[in-house]
Amino acid sequence: MNPGRFITLEGGEGVGKSTNLQYIQQLLQQRQLEVVVTREPGGTELAEKIRQLLLEKHAETITENAELLLVFAARAQHIQRVILPALQQGRWVLCDRFTDATYAYQGGGRNMDENVIGWLENTVQGDLRPDLTLLLDAPLDVGMSRAQQRGKLDRFESEQRDFFERVRQAYLNRAGQDQQRYKIIDASLPLNQVQQQIKQALDGLSVV
Ligand code: Z5A
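For the structure given in this document, a descriptive report is provided here. (Residues numbered from 1 in each chain as written. Predicted model: local features only at pLDDT ≥ 70, side-chain atom pairs only at ≥ 80, totals over all residues. Heavy atoms only, no water.)

## Notes on helix H8 (residues 191-203)
The end-to-end C-alpha distance of H8 is 18 Å, a good match for the 18 Å that 13 residues give at a rise of 1.5 Å each. Within H8 the residues assigned to the buried category are Val 194, Gln 195, Gln 197, Ile 198, Ala 201 and Leu 202. All buried residues of H8 project into a common sector of 155° when viewed along the axis, lining one side. Away from its buried face by more than 90 degrees, H8 exposes Asn 192, Gln 196 and Gln 200. (Helix = DSSP H or I, 4+ residues; strand = E, 2+ residues; numbered from the N terminus. Expected span 1.5 Å × (residues − 1). Buried < 20%, exposed > 50% of the residue type's maximum accessible area, 1.4 Å probe, protein only. Arc of directions from axis to C-beta.)

Okay, structure coming up:
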């Protein structure tokens, strides 16, 4: 049996990850591939509880180290319980955010040490890395105005503008360093043009 492939979708607020996740799922299913759609933080019962802890606002401020460790605690559960078993069964895993988000939000946004993130990545993931990462990129104002239409802001969405500028830049820097794995999608375009770019990127994956 061919091992499955691991595809991740990344980008800032409101760039269209959830919207395009369904589109990608359909494209893969049209090719008779079995697809598992999941997300981070989250993806298992325990990891979804950690997600709530991370996204809700609390009277007690979550320290940066606690936030980083919670992200990886959720990821450890998710990898062992969902991602690896699915890949081993030949399924394709489509994940809304993964460790690139940690480099972007905790590394870029919060200025945390990338070496610490890298150590946790190696420890928790072993050699698991995405086969393809679609980075949906749009100027801040585009994503934010789309996201704001949803109403109440979560703990991350309440950050200042320069936080999100650093997040975007961190994503773009990572994508620039590994053009094999990343495909940058111009997410500011109308949806049909965004989906055209996504389809092209998927066509580049040999088994699709
Ligand atoms: N986080 C972290 O800090 N560290 C980590 O390691 C991980 C995560 C894994 C999870 O949020 C938070 O956790 C996240 C980072 C942190 N912080 N935040 N904020 P999330 O991933 O669940 O939520 P999100 O990033 O806020 O995603 P989102 O706001 O739901 O956005 P989206 O999924 O990218 O967008 P959407 O819901 O698909 O689209 C937004 C609206 O725009 C919607 O009305 C669409 O119909 C519309 N849309 C989409 N595409 C288009 C185009 N092309 N044109 C016009 N309108 C469009």
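Alright, that's what it looks like, and here's the rest.
## Regarding unusual backbone geometry
Note that the residue after Glu 40, namely Pro 41, is joined by a cis bond; omega there is -10°. Looking at the element boundaries, Pro 41 is found in the loop between strand E2 (35-39) and helix H2 (45-55). A positive phi is found at Arg 97, a non-glycine position, where the angle reads about 75°. On the basis of relative accessibility, which here comes to 13%, the residue Arg 97 falls in the buried class. Backbone geometry at Asn 111 places phi at a positive 60°, although glycine is not the residue there. Here Asn 111 shows up in the loop between helix H4 (99-109) and helix H5 (114-125).

## A look at the pattern of salt bridges
Under the counting rule described, the total for this entry stands at 17 salt bridges. Taking the shortest distance from any N to any O, the salt bridge between Glu 159 and Arg 110 comes out at 2.9 Å. Residue Glu 159 is located in the loop between helix H6 (140-148) and helix H7 (161-177), and its partner Arg 110 is located in the loop between H4 and H5; the two are separated by 49 residues in the primary sequence. Its salt-bridge partner being Arg 181, residue Asp 178 comes within 3.9 Å of it at the nearest N-O pair. (Salt bridge = Lys/Arg side-chain N within 4 Å of Asp/Glu carboxyl O.)

## A closer look at the packing of aromatic side chains
Enumeration over the complete set of coordinates arrives at five aromatic pairs. Residues Phe 6 and Phe 98 carry aromatic rings whose centres are separated by 4.9 Å and whose planes lie at 80° to one another, so their mutual orientation is edge-to-face. Taken as a pair, Phe 6 in strand E1 (residues 6-11) and Phe 98 in the loop between strand E3 (92-96) and H4 lie far apart in primary sequence, 92 residues in all. By the burial criterion, Phe 6 is buried, and Phe 98 matches it. On the basis of an interplanar angle of 85° and a centroid distance of 6.0 Å, the ring pair of Tyr 105 and Phe 156 is categorised as edge-to-face. Taken together, the residues Tyr 105 in helix H4 and Phe 156 in the loop between H6 and H7 connect sequence positions 51 residues apart. One aromatic cluster in this structure is built from Tyr 105, Phe 156, Phe 163, Phe 164 and Tyr 171. The ring of Phe 72 has Arg 75 lying over it, and the distance from NZ or CZ to the ring centre is 4.8 Å. We note Arg 155 situated over the ring of Phe 156; from NZ or CZ to the ring centre the distance is 5.0 Å. (Phe/Tyr/Trp six-rings, centres within 6.5 Å; stacked < 30°, edge-to-face > 60°. Lys NZ or Arg CZ within 6 Å of the ring centre and 35° of its normal.)

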